[in-house]
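The residues making up each chain are set out below.
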Amino acid sequence: MILLEPNSFVLEETLLSRFNSEKQEVVDVTLVDFDNVIYRVQTPNEQRNLLNLSVEMKYFNEVVAYGAEDILRREYGDYLVPAASPQYQITLQFNLDQLPADKAGLAKHVSMLKRNVLASSFIRAFEYWESQQEGAGPLMATHYRDNEAIYVQAQQDRVTVIFSTLFKEEVDRVLGRVFLQEFVDARRQVSIQNAPQVHYSSREPPLEIRHLPGLRQDESVGYVSFVLFPRHFSSAEAREKSISQIQLFRDYLHYHIKCAKAYMHSRMRTRVQEFLKVINRAKPDRTTATSEKRTATGRYFRPQFRQPVSPQPGEGEW
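Note that this is a predicted model, so its numbers are computed, not measured. (Residues numbered from 1 in each chain as written. Predicted model: local features only at pLDDT ≥ 70, side-chain atom pairs only at ≥ 80, totals over all residues. Heavy atoms only, no water.)

Let's shift gears to the sheet that holds strand β3 (residues 50-56). Strand order in the open sheet formed by 5 strands is β1-β2-β3-β5-β4, and the pairing between neighbours is antiparallel. Looking at strand neighbours, the two that pair on one side only are β1 (28-32) and β4 (80-81), the edges of this open sheet. One ladder, built from 5 bridges, connects β1 with strand β2 (residues 38-42); its direction is antiparallel. In the strand pairing of β2, Val-29 is matched with Val-41. (Pairing = 2+ DSSP bridges. Helix = DSSP H or I, 4+ residues; strand = E, 2+ residues; numbered from the N terminus.)

So, about the sheet that holds strand β7 (residues 148-154). Ordered in space as β6-β7-β8-β10-β9, the 5 strands form an open sheet in which the pairing is antiparallel. Each having just a single partner strand, β6 (140-145) and β9 (197-201) make up the two edges of the open sheet. Pairwise comparison of adjacent strand axes, ignoring direction, gives a mean angle of 15 degrees for this sheet. When strand β8 (residues 159-166) meets strand β10 (residues 221-228), the two strands line up antiparallel, connected through 8 bridges. Directly across from Phe-163, in β10, lies its bridge partner Val-224. In the packing of helix α9 (residues 249-282) onto the sheet, the strands contacted are β6, β7, β8 and β10, and the crossing angle to β8 comes to about 40 degrees. (Axes fitted to C-alpha atoms, helices over the stretch in contact; angles between N-to-C directions. Contact = heavy atoms within 4.5 Å.)

On to the pairing of β6. Pairing of β6 with β7 involves 4 bridges; the strand directions are antiparallel. When the bridges of β7 are listed, Thr-142 appears paired with Ile-150.

Function cannot be inferred from these measures alone, as they are strictly geometric.
Quick look at the structure:
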């Protein structure tokens, strides 16, 4: 079992290689992250001392309502510039001649851009809990993938996070149900009782989102609800850890489904090879029966069989 990192490793390596390069060259690289997020690293207008990072997020307009722009200004205010084209919603520009001393730290921080933007709804829910307002907070939905969304809602004593997950194949549906049931049952263990509560339903949406229009209610969709308690977000360290881990739940789930399928296929291929070996050993050896013998002169030896002679009349009679 592995845990996926919240940042984009390929983006971090690409930026770090440009930051540490002694020779400034024209570059134009397109990268793809989870949830169909596209990064484009390029040199604008042949200005080799500048480096632009443009980001395309289809759900950016939704998270803007939850304070995503404030997070961008707080985290990347020194590098924010107007978007390079209508295709991209975010553009950061770096002057390669004026980079800070900690270039690795800057590349690591920029590679967390998707995570920081998607965290806007979680931060808004945690702030609502801190305000101690009565009743439930607003239901914030982020459609981060086609036909899939994250719903976050704060209450006085908890924060509920709901994932709608789509399984396109029957095998994925069965394996996903097994994995998600393990999430539900794992909290009974003493070692992980501090984990959030997990609820899973295969086709019927939870009560918190049942009133929303357009929800799919068939066997191909599953709803997973996480209940975060104050111990999961009361401190700044716990809050950042909870946001980073829960965002990757969908990627974590489908990653392990693919690994389980690959493992079963390898075991099936191994078993088929063993069966073929058994079948090959069971075949009779026909080389001796079909070979022809030769005489000392090299001629083929074919045994002559005498034809049976019928008895003459009167022979063998008394």
